Amino acid sequence: MNSQIRRVGLGLSLCFLALFAQLNWLQVFGASRLENNATNTRAIVRDFGRPRGTIATADGVIIARSIEVESSLGRERQYPEGDLYAHTTGAFTFNFGATGVEKIYNELLAGQTDEQKYGNLSALLEDGDTTGNLTLTLRDDVQRVAREALGDRSGSVVVLDPRDGSILAMWSYPSYDPNTVSTVDLAAAGTSWETLRSQDPTAPDLAKAYRQIFPPGSTFKPVTAAAALSNDIADANNPFFPASSGYTAPLTTSTIGNFGGSTCGGDIAEGIRISCNTIFAELGAEYVGPILMREQAENFGFNDAPPIDLTASVASVFPEDFGAHLRPSDKNPDISIVENTPALAQASIGQFEVRASPLQMALVAAAIANGGIIMEPHVLSEVRNVKGEQIEEYKPSVWKSAMVTSVAEAMRQMLLTTATTGTAVGLQVPGFEVGGKTGTAETFSTTNDTHAWIIGFGGPVGEASTVAIAVMVEAFAGGGQQTGGGTAAPIAQAVLAAALQPMTAQLGEG
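The structure displayed is predicted, hence computed values, not measured ones.

Caption draft 1: View of the sheet that holds strand β8 (residues 167-173). Taken in spatial order, the 5 strands line up as β8-β7-β21-β20-β19 in an open sheet, and their pairing is antiparallel. This sheet does not close on itself; its edge strands, each paired only once, are β8 and β19 (432-442). Sheet twist, expressed as the mean angle between neighbouring strand axes with direction ignored, is 10°. Inspection of the sheet shows β19 paired to strand β20 (residues 450-460) by 11 bridges, in the antiparallel sense. Looking across to β20, one finds that glycine 435 is bridged to phenylalanine 457. Relative to β8, helix α9 (residues 140-150) is tilted by about 30°, and along the sheet it contacts β7 (155-160), β8 and β21 (467-473). Packed on one face of the sheet, helix α18 (residues 405-421) meets β19 and β20 and runs near 85° to β19.

As structure tokens, then:
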């Protein structure tokens, strides 16, 4: 009998120890994972009726605040600018949790970090307001120009400072009004939520700028050029590609043509300037090869989600497998002709299975403008308490080293020429030094409708670039062959012109 009791006691003790260990594991190691789980709305329920800090732009416009309402919930989150910042602020809802900045910085906004709760003795003794007011890096003046310039065309505009990764504007159309889902009228909020979700995959609440990927077309060619330059396979002026209206890769009889059936040739610099498909298809397929192409794409950030401080950033894609080695290339014996070399030729001009978000392509431009270094993109600038004292400041950090400085400078010069005498002349801003690369991307549908792209950078003449940009206008039924130079460049030029001007503080609402 005693042995049986001992066994029962031992079993209960082991169960207690297991429970104790699991509880401590959840509290110590699993707390962050549970807190950031998109399905976990516990923090939202806890914080919904409490005071909550404001969110403002860099130039002082309040874009999110809490107001007192006649409701059992006590407070309601309000977004004074409607759809303009919805994809950045996200929404703070009772039934469906939070997204965007509201999710990522929930604890700071609610005043629930340890520093806010316990770091200030007076707040601790007086049970004062510990909420944090967030200032973002986005500029209201630039954001408004982005919305106006894109208009009612589906697409995205991303503007950032290549020197520190600050997002200056990020607009996608269509957008939505977060007020409709954050209301304390929970029935109305539920209806609005279901309406938004029912429109997937063109859902207005989907921040396409960093959460959706598209064929980048010729805006990818700088990546191919960088792969050749970085590995001493080529320089800006060698090799020289004879003029051609089409390129036929090894192992296929299908031809890759140039836009509009044109004939072009020359060196890499000329290929960038006039966006010659045949040059870059051959360069990637027979000179650079699949391994170096993938490595260079990944150095720019492909196959890895940009670590932006917003929810659900997606990775851009460069294919990882083009099949087995068959033989050395006739053009460069150090690389292989592989089973799917024809697909590699397509990938080298931003087609086949290559996909990129507008944010990723803005980071490609930023790398070229910033000596090959890609800083982590971010929207937070600083957090202050109700007394105006800074309690947190974003500290910039490096994300990727895309290429060495000499290669980045060579690429920068190519893009400057492209914006002066090439396909990106529409990007020019008087009084500033501007570079760019256009793109027209096939959608592989049964029509000839294309996405229009442009990437670029700009800054004071002779100085470091202060702005990098990507604009993508989506293909639409019957839209035909939209081009980067004709469709995307005017949008980018208007936004770039605004972003290059000094920021003027606005009188934000309190």
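Caption draft 2: Here's a closer look at the sheet that holds strand β2 (residues 62-68). Read from one edge of the open sheet, 6 strands run β3-β2-β1-β6-β16-β17, paired in mixed fashion. Strand pairing shows two members of the sheet lacking a second neighbour, β3 (75-78) and β17 (390-393), which therefore form its edges. Note that strand β16 (residues 380-384) and β17 share 3 bridges and pair antiparallel. Bridge pairing in β17 places valine 383 opposite glutamate 392.

Caption draft 3: Geometry of unusual backbone geometry. In this model, tyrosine 173 is joined to proline 174 through a cis peptide bond whose omega is 5°. Among the secondary structure elements, proline 174 is positioned in the loop between β8 and α10 (179-182). Cis geometry is found at the peptide bond from asparagine 238 to proline 239, where omega equals 0°. By secondary structure assignment, the location of proline 239 is in the loop between α13 (221-230) and β9 (241-244). Non-glycine residue leucine 251 carries a positive phi angle of around 75°. At asparagine 303, a residue that is not glycine, the phi angle is positive and equals roughly 65°. In this structure, asparagine 303 sits in the loop between α15 (277-299) and β13 (325-328).

Caption draft 4: Local environment of the state of the cysteines. Evaluated as defined, the whole model comprises 1 disulfide. At a sulfur-sulfur separation of 2.0 Å, the disulfide partner of cysteine 264 is cysteine 276. The sign of the S-S torsion, about 85°, decides the handedness of the disulfide formed by cysteine 264 and cysteine 276: right-handed. A residue pair is termed long-range when its members are at least 10 positions apart, and cysteine 264 in strand β12 (residues 264-266) and cysteine 276 in the loop between α14 (268-274) and α15 qualify at 12 residues. Per residue, the accessibility class of cysteine 264 equals that of cysteine 276, and both read buried.

Caption draft 5: Inspection of the pattern of salt bridges at higher detail. Tallying each qualifying case throughout the model produces 17 salt bridges. When the shortest N-O distance is used, the salt bridge between arginine 144 and aspartate 140 registers 2.7 Å. Placement of both arginine 144 and aspartate 140 in helix α9 is noted, with a separation of 4 residues, approximately one turn of the helix. The class for aspartate 140 is buried, based on a relative accessible area of 5%.

The rules behind the values
- Residues numbered from 1 in each chain as written.
- Predicted model: local features only at pLDDT ≥ 70, side-chain atom pairs only at ≥ 80, totals over all residues.
- Heavy atoms only, no water.
- Pairing = 2+ DSSP bridges.
- Helix = DSSP H or I, 4+ residues; strand = E, 2+ residues; numbered from the N terminus.
- Axes fitted to C-alpha atoms, helices over the stretch in contact; angles between N-to-C directions.
- Contact = heavy atoms within 4.5 Å.
- Disulfide = S-S within 2.5 Å.
- Buried < 20%, exposed > 50% of the residue type's maximum accessible area, 1.4 Å probe, protein only.
- Salt bridge = Lys/Arg side-chain N within 4 Å of Asp/Glu carboxyl O.

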